[in-house]
Amino acid sequence: MGREMKRLTLFALAITLIATGFAAKTPYQAVLQHSRIRGRTHGPNVCAMQKIQGTDKKYFTNCKQWYHRKICGKPTVVSYECCPGYEKVIGEKGCPAALPLVNIYKTLGVVGATTTKMYSERANLQEEIEGPGSFTFFAPSNEAWAALPTEILDALVSNVNIELLNALHYHMINKRLTSDDLKHGASFPSMYQDFDVHIHHYSNGIVTVNCARLVKTDQHATNGIVHVVDRVITAITNNVNSLIDNDDDLDTLRTAVAAAGLTNLLENEGSYTIFAPTNEAFEKIPPNTLTRILGDPVALKDLLNYHILKNLHCSESIVAGTPLETLQGTVLEVGCDGEEMTINGKAIVTQRDKLGTNGVIHYVNELLIPDSAKTLLELVEGSVVTTASKLFKDAGLTDHLIGFETLTLLAPLNDAFKDKSLAMTPDLKKLLRNHILKEKFSSKSLYHGQELETLGGLKLRVFVFRNSLCIENACIAAHDKNGRYANMFIVDQILAPPMGTVMDVLKADDRFSTLVGAIQRAGLTELLNKKGTYTFFAPTNAAFSAMPPADLNKLMNPKELANLLRYHIGEEFLVSGAVTSHTRMKPLTGDKLELGTRNSSVYVNRVPVVETDLMATNGVVHAVDVIIKPLRKS
């Protein structure tokens, strides 16, 4: 019986622990707890706050903000204040005393919402919020009232209508709701004609009501609870499609939405964020580009979906750059720079937080064009391959870059052209045609040994390494750019198509004349002409000249010479772009070759490679000016 009781007790304890684990804090409570931990050295119930320098904006802080000491890219000043519901006691450390509970009307004064308190008197709301009940009051701060346009404020506080009472009732809910009850995406009927207020509770601890941020939360009263908010909120009655329909600044967007068949989406239930391009934003786009996209339903739908986030994000929820997924399937980096909301690092948001029943609209004065709506030329010109862009155009390849062909462009980074002659010659034109593949590929679908045909008629080989994916010597250096009809791979090198066997490559280069004679004397010619995947660290004439006479004499022996050369030949294929800081290769003779990179140079057994990636049909040649010797074992 005792053993059974013990087992039941352990079982009950396990259930309790599991239940405790599942009773997770809300994001707001988590960030509040972090601020408490940061403030505990200052006494009980002290919270660390971060204030953006030069503003009155304060935030409870999470780990990232605390260590960066920045919010919206601006430096913060740390202050230590009483946590919600506590106050100081003279002569004692911290904030040991719980605030005495008073009614909501008096609580408005306690939390500093004195303008809301004054307007409650003027609107004859005082008696209601002093009396019995269980209310939640989202009380605008004094600064929120001051920020209202004069004409709106004058209309509200006029003594000849009931607008002020209606406005205040819209800030109230007829039950007590703590921050824990304010769940993300929840709506509650207000005390103004039951019009809903909309709650968003973000993972960074920010809580908003109708996009107004709660700046003092959970201020308990005898007859309810007060949350101070940073703006005056207004009733939401229209969906986002109606908001677009009724705004002359969004005429072009309205036409585009209808043409793309997105009207129903924007009328249906949802919780979207729309970065709405104004007429001005559309006018900034070159007319031929805009005409092309507006006339192409697929590109137009992608363009518009790229302006729509899958979830609702009020501007106040953004305190740092965050990648957010769009309906188009890719992400936008939504961030902030001080008071400015940014998209992909640009402050193009001109109006924020126009809230509808199914989403929020932020106006932008620049059109966001996703790669999937772009021609190949637009992909190239909007990327980090400006030198390649100019060369492709100079080579007369523009028609391939603006047309409807399904192609893949291999575009070398600007650095790949350093120290290269860029004069347009027939050879360069031919080489550039071989940078365009005849099909539209995704890098994820490429496989080792695959052959890809170019516009120039060549077959290029695909090599898959542990950390690199390469087409011949050119390794993919960035994510694919997937356009409307064609794709672009950004590569680290100018393509070097194979020029015969390894032996052919060596014979064609005067630097290797001594090596070619040595290979023939050592009996390795047939090996380097036959099918294979060799990597040859090929000593130049200078490497042989630098050898001591005694070592050179040894090489007169064909067997000694063969062993030395076989130590320079790896059994596998390896281009420079696939070499990492610690890459090992098994040579045909000997233990191993140790490869690494330093300052963009490749080293083998600490010997610098002076030229990389001389491509062959059966391997690759890398030139070295020093004979490679095994490293001493430590």
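Residues numbered from 1 in each chain as written. Predicted model: local features only at pLDDT ≥ 70, side-chain atom pairs only at ≥ 80, totals over all residues. Heavy atoms only, no water.

J.: Help me get a handle on the UniProt feature "domain: FAS1" (unreviewed entry) in the protein, residues and values and all.
T.: The feature "domain: FAS1" (unreviewed entry), as given by UniProt, occupies residues 98–233, 237–368, 372–495 and 499–628 in the numbering adopted here. Measuring from the first to the last C-alpha atom of residues 372–495 gives 26 Å, for a span that is 23% helix and 23% strand. (UniProt positions renumbered as here; feature names shortened; annotations may be inferred. Helix = DSSP H or I, 4+ residues; strand = E, 2+ residues; numbered from the N terminus.)

J.: Can you break down the sheet that holds strand β3 (residues 70–71) residue by residue, with the values?
T.: Reading across from one edge, β2-β1-β4-β3 is the order of the 4 strands in this open sheet, with antiparallel pairing throughout. A strand with exactly one partner marks an edge of an open sheet, and here the two such strands are β2 (58–60) and β3. Both strand β1 (residues 46–52) and β2 contribute to a ladder of 3 bridges, which runs antiparallel. The residue of β2 that forms the bridge with Met49 is Phe60. (Pairing = 2+ DSSP bridges.)

J.: Mind laying out the packing of aromatic side chains, listing which residues take part and the relevant values?
T.: Across all of its chains, the model carries 6 aromatic pairs by this definition. Positioned above the aromatic ring of Trp66 is the side chain of Arg69, whose terminal nitrogen or guanidinium carbon lies 4.2 Å from the ring centre. Lying over the aromatic face of Tyr105, Lys117 brings its terminal NZ or CZ to 4.9 Å of the ring centre. (Phe/Tyr/Trp six-rings, centres within 6.5 Å; stacked < 30°, edge-to-face > 60°. Lys NZ or Arg CZ within 6 Å of the ring centre and 35° of its normal.)

J.: Kindly report on the state of the cysteines, identifying the contributing residues and their values.
T.: Across all of its chains, the model carries 5 disulfides by this definition. Each sulfur of the disulfide joining Cys82 and Cys95 lies 2.1 Å from the other. Between Cys82 and Cys95, the S-S torsion sits near -85 degrees, and that sign places the bridge as left-handed. Here Cys82, found in strand β4 (residues 74–82), pairs with Cys95, found in the loop between β5 (86–87) and β6 (97–98); they are 13 residues apart in sequence, far enough to count as distant. Given a relative accessible area of 28%, Cys82 falls into the partly exposed group. For Cys95, a relative accessible area of 1% corresponds to the buried category. What links to what in the protein: the bonded cysteines, counted in sequence order, pair as 1-4, 2-8, 3-5, 6-7, 9-10. (Disulfide = S-S within 2.5 Å. Buried < 20%, exposed > 50% of the residue type's maximum accessible area, 1.4 Å probe, protein only.)

J.: Describe in detail the pairing of β1, supporting the description with residues and values.
T.: Counting buried residues along β1, 6 of its 7 residues qualify, which places the element largely inside the surrounding structure. By the bridge criterion, 7 bridges tie β1 to β4 in an arrangement that is antiparallel. Counterpart to Cys47 in the pairing with β4 is Glu81.

J.: Give a detailed account of the packing of helix α21 (residues 513–522) against helix α25 (residues 558–567), specifying residues and quantitative values.
T.: Packing of α21 against α25 leaves a shortest axis separation of 8 Å and a crossing angle of 120 degrees. Put simply, α21 runs oblique to α25. Handedness of the α21/α25 crossing: left-handed. In this structure, α21 uses Leu515, Ala518, Ile519, Arg521 and Ala522 to contact α25, whose residues at the interface are Pro558, Leu561, Ala562 and Leu565. A per-class count over the contact of α21 with α25 returns 8 nonpolar, no polar and 1 charged. (Axes fitted to C-alpha atoms, helices over the stretch in contact; angles between N-to-C directions. Parallel < 35°, antiparallel > 145°, perpendicular 65-115°, else oblique. Left-handed = near helix turned anticlockwise from the far one by under 90°. Contact = heavy atoms within 4.5 Å. Nonpolar A, V, L, I, M, F, W, Y, C, P; charged D, E, K, R; others polar.)

J.: Any details on the confidence of the model for the protein? Residues and values, ideally.
T.: In this model, the protein carries a mean pLDDT of 92, and residues with pLDDT of at least 70 account for 96%. Note on residues 8–23: pLDDT is under 50 here. Beyond four places in sequence and across chains, it has 0 contacts. (pLDDT = per-residue confidence, 0-100.)

J.: Break down the nonpolar core for me, with residues and values.
T.: Of all hydrophobic cores here, the largest spans 50 residues; its most connected members are Phe138 and Val209. Look past the residues within four positions of Val209 in its chain and what remains in contact with it is Phe138, Val197, His198, Ile199, Leu214, Val229 and Ile233. (Core = buried A, V, L, I, M, F, W, Y, C linked by side-chain atoms within 4.5 Å.)

J.: Give a description of the sheet that holds strand β32 (residues 593–598) that names residues and reports values.
T.: Across the sheet, which stays open at both edges, the 7 strands sit in the order β30-β29-β35-β34-β33-β32-β31 with mixed pairing between neighbours. Each having just a single partner strand, β30 (569–570) and β31 (583–585) make up the two edges of the open sheet. The pairing of β32 with strand β33 (residues 601–604) spans 4 bridges and is antiparallel. Along β33, the bridge assignment pairs Leu595 with Val604.

J.: I'd like a rundown of the side chain of Asn305, residues and numbers included.
T.: Within the secondary structure, Asn305 sits in helix α15 (residues 297–305). With sequence-adjacent residues up to four places away left out, Asn305 is seen in contact with Leu262, Thr326, Leu327 and Gln328.

J.: Explain the pattern of salt bridges to me, and be specific about the residues and the numbers.
T.: Tallied over the entire structure, the rule returns 26 salt bridges. In this structure, Lys354 and Asp247 form a salt bridge, with 3.4 Å as the shortest nitrogen-oxygen distance. Of this pair, Lys354 sits in strand β19 (residues 349–356) while Asp247 sits in the loop between α10 (240–245) and α11 (251–259), and the two are 107 residues apart along the sequence. Judged by relative accessible area, which is 26%, Lys354 ranks as partly exposed. For Asp247, a relative accessible area of 13% translates into the label buried. Of the charged contacts, one joins Lys592 and Asp591 as a salt bridge, the two residues approaching to 3.5 Å between their closest N and O atoms. (Salt bridge = Lys/Arg side-chain N within 4 Å of Asp/Glu carboxyl O.)

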